[in-house]
Amino acid sequence: MKIKGNQLGNTIREHRFASNRMTQEELAMQVGVSRQTIVSIEKGIYNPSVVLALKLSSVFKVPVEELFILKKGK
Amino acid sequence: MQIKKLLQKYKFTSKWSIAGFFLGAAGFGLGLGVNPWFLILSIIACFVLPLLRLLGILNDWDEFQIISLKKAAVVSYTITGIFIFYMAITGRAGLLEWNTESIIMNLIPITIMSYYLTYFFQFWDGLKAGRLISGFILIFWILFTVLSAFGENHGFTSFIMQSLVVWLPLVITFILSYYFPLISGILMLGIFVFHFIFFDAYSQPSVAFLLPVPELIIGLGYIKHFHNRSRESTSSQQQTTEPSP
C-alpha cells in the first residue's frame, strides 16, 4: 500500500515459510485476526496497526523493521 | 474460556455477513409481501451487529474487518444520500412521483446492496467477493423465478424464459470464473448491459441495484483480479530470472 510517495513492503510470507512453513491460518490464530487479514497484509492491500505489527514481529521473534520495509515510491 | 476460543476460531466474517445478507433480503421481501413488521428483521440483520461493532460494543472482529465495515458504511451512506437528493430533485421538479411505497422499495435495496457490495469487495479480493455476491444473486433470482412462475401460475414456459434471461447467464459466468476470470468478467459486463436495458433499470433504481449494478461490480472485480494475478506472476518471474548477487 502506498503512503504519500512511499510504499510499505513486508516479508511476512518469507518469515512464515522460514518458521516451519507456518500457514496463514496458524499465524492469524496466533495474532488474533482472520486469515483474510493476513492475506491482505501479505499482499500489501492493508497496512496493519502498530499493535498488530508488534504482535506479528513477536510471533517471528524479529524486529518490526525486519517485517515491514518502507520503500520509496516510483 | 471455551467460548472465547470458539469466538477466536470462528471470526464470523463470512458466516455472519452471509447470514445478515440473507436475513436482510428475506426480511425485506417478507416485509413488503407478508407483514411490514418483517422489515425490522431486515434492519436487525443488516445493520445492528455492524453498528455495535463500529461503536466498539461488540469486539469479535479484527481491525481490517472494522476498517472494511467503516468504508462500507460511508459508501452506503453516501450512495443513499445521493439517491435521497435525486428523489427530492425529481419529485419537486415534477419529473417523477414518489410515494411512501416507492421510497421504501428503492431506498432499502440501495442501502443494503451498496453496503454489502462495498464490504465484500473491500474485505475479499475481486474473485472471491464476486463469486460470493454472484451466489447470493443467483439464489435470490432462482427463488424469484420459481415463485413467480409456479406461485403465480405463469407456467413452465414462463419459468424457462425467465431462467434464460435472468439467472442462466449468471450460472455460466459463475462457473467460468473458476477457470477464466477475464472472460467471465467481460461476459458479466455484457450481461450487465443486457439486463440494464432489458429491465429498464435507468427508470427503476431498485431493480438496477438488485441485478445490473452488482453484475457491473462483479465483472469489474473479476477483471481486476485477473489483472492483479498477471501482474503478480510477472513480478515473481522477474524475481526468479534476476541473477543472484
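Residues numbered from 1 in each chain as written. Chains lettered and ligands numbered in written order. Predicted model: local features only at pLDDT ≥ 70, side-chain atom pairs only at ≥ 80, totals over all residues. Heavy atoms only, no water.

Caption draft 1: Layout of the nonpolar core. Ranked by internal contacts, the top residues of the largest apolar core, which has 53 residues, are I12, L27, L56, F60 and F68 of chain A together with F120 of chain B. The biggest single contributor to this core is helix α6 (residues 126–151) of chain B, with nine residues. Those residues within four positions of L56 of chain A in sequence are excluded, and the remaining contacts are I12, L27, V31, I38, I41, L67 and F68 of chain A. Among the nonpolar cores identified, the runner-up in size contains nine residues, and M87, I110, F209 and V213 of chain B belong to it. (Core = buried A, V, L, I, M, F, W, Y, C linked by side-chain atoms within 4.5 Å. Buried < 20%, exposed > 50% of the residue type's maximum accessible area, 1.4 Å probe, protein only. Helix = DSSP H or I, 4+ residues; strand = E, 2+ residues; numbered from the N terminus. Contact = heavy atoms within 4.5 Å.)

Caption draft 2: The environment of F199 of chain B, seen in detail. Residue and element names in this part refer to chain B. Structurally, the position occupied by F199 is in the loop between α8 (181–198) and α9 (205–210). Here F199 falls in the buried class, since its relative accessible area comes to 19%. Sequence-wise, F199 and L211 are twelve residues apart; in three dimensions their C-alpha atoms are separated by 9.2 Å. Those residues in contact with F199 that lie beyond four places of it in its chain are V166, Q204, V207 and L211.

Caption draft 3: Up close: the interface of chain A and chain B. Across the boundary between the two partners, chain A contributes twelve residues, which contact 13 residues of chain B. Summed over both partners, the interface of chain A with chain B comes to about 1,000 Å²; 57% of that surface belongs to carbon and sulfur atoms. At the boundary of chain A and chain B, one finds zero salt bridges. Where chain A meets chain B, there are five residue pairs in polar contact (both at pLDDT 80 or more). At four residues, helix α3 (residues 35–43) of chain A tops the list of elements feeding residues into the side of chain A that touches chain B. Taken together, the residues of the side of chain A that touches chain B sort by class into five nonpolar, six polar and one charged. (Buried area = accessible area lost by both parts, 1.4 Å probe. Salt bridge = Lys/Arg side-chain N within 4 Å of Asp/Glu carboxyl O. Polar contact = N/O pair within 3.5 Å; in protein donor to acceptor, adjacent residues only side chain to side chain. Nonpolar A, V, L, I, M, F, W, Y, C, P; charged D, E, K, R; others polar.)

Caption draft 4: Seen up close, the packing of aromatic side chains. Inspection of the entire model under this criterion finds 19 aromatic pairs over all chains. Aromatic side chains F47 of chain B and Y115 of chain B sit 5.4 Å apart centroid to centroid with 70 degrees between the ring planes, which places their arrangement in the edge-to-face category. Remark: Y115 of chain B occurs in helix α5 (residues 100–123) and F47 of chain B occurs in helix α3 (residues 38–54); sequence separation between them is 68 residues. With a relative accessible area of 4%, Y115 of chain B lands in the buried category. Among the aromatic residues, ring-to-ring pairing joins Y46 of chain A together with F47, W61, F64, Y115, Y116, Y119, F120, F123, W124 and F136 of chain B into one connected group. When the ring centre of W61 of chain B is taken as reference, the NZ or CZ atom of R53 of chain B above it lies at 4.0 Å. Between the NZ or CZ atom of R131 of chain B and the centre of the ring of Y178 of chain B, over which it lies, the distance is 3.7 Å. (Phe/Tyr/Trp six-rings, centres within 6.5 Å; stacked < 30°, edge-to-face > 60°. Lys NZ or Arg CZ within 6 Å of the ring centre and 35° of its normal.)

Caption draft 5: Focus on the confidence of the model for chain B. Here chain B shows a mean pLDDT of 81. Residues at 70 or above account for 83%. At the level of individual helices and strands, chain B shows its lowest average pLDDT in helix α1 (residues 2–9) of chain B, which scores 55, and its highest in α8 of chain B, which scores 92. (pLDDT = per-residue confidence, 0-100.)

Caption draft 6: View of the packing of α3 of chain B against α5 of chain B. All names here are of chain B. Interhelical geometry of α3 versus α5 gives an angle of 30 degrees and a closest axis separation of 12 Å. Comparing their axes, α5 and α3 come out roughly parallel. Crossing handedness for the pair α3 and α5: left-handed. Judged by residue contacts, L39, A45, C46, F47 and P50 of α3 engage I108, T111, I112, Y115 and Y116 from α5. (Axes fitted to C-alpha atoms, helices over the stretch in contact; angles between N-to-C directions. Parallel < 35°, antiparallel > 145°, perpendicular 65-115°, else oblique. Left-handed = near helix turned anticlockwise from the far one by under 90°.)

Caption draft 7: Expanded view of a nonpolar patch on the surface. All names here are of chain B. Together, I142, V146, F150, F156, I160, M161, L164 and L168 line one region of the surface with nonpolar side chains, adding up to about 690 Å² of accessible area. Take the nonpolar patch: its biggest share by element is five residues, from helix α7 (residues 156–176). Relative to the assigned elements, F150 resides in helix α6. (Patch = residues over 30% accessible without salt bridge, like charges linked within 9 Å, V, L, I, M, F, W, Y side chains within 5 Å. Areas by Shrake-Rupley, 256 points an atom, 1.4 Å probe, with all protein chains shown as cover.)

Caption draft 8: Here's a closer look at unusual backbone geometry. Residue and element names in this part refer to chain A. If you check the backbone angles, R21 has positive phi at about 50 degrees while not being a glycine. Inspection of the secondary structure assignment puts R21 in the loop between α1 (12–18) and α2 (24–31). Judged by relative accessible area, which is 61%, R21 ranks as exposed. Notably, K61 is not glycine yet its phi reads approximately 55 degrees, a positive angle. Considering the arrangement of structural elements, one finds K61 in the loop between α4 (50–60) and α5 (64–67).

Caption draft 9: Up close: the pattern of salt bridges. Applying the stated criterion across every chain, the model contains two salt bridges over all chains. Put simply, R16 of chain A and E42 of chain A hold a salt bridge, and the shortest N to O gap is 2.6 Å. Remark: E42 of chain A occurs in helix α3 and R16 of chain A occurs in helix α1; sequence separation between them is 26 residues. One salt bridge connects D60 of chain B with R53 of chain B, and the closest N-O pair in it is separated by 2.9 Å. A relative accessible area of 12% places D60 of chain B in the buried class.

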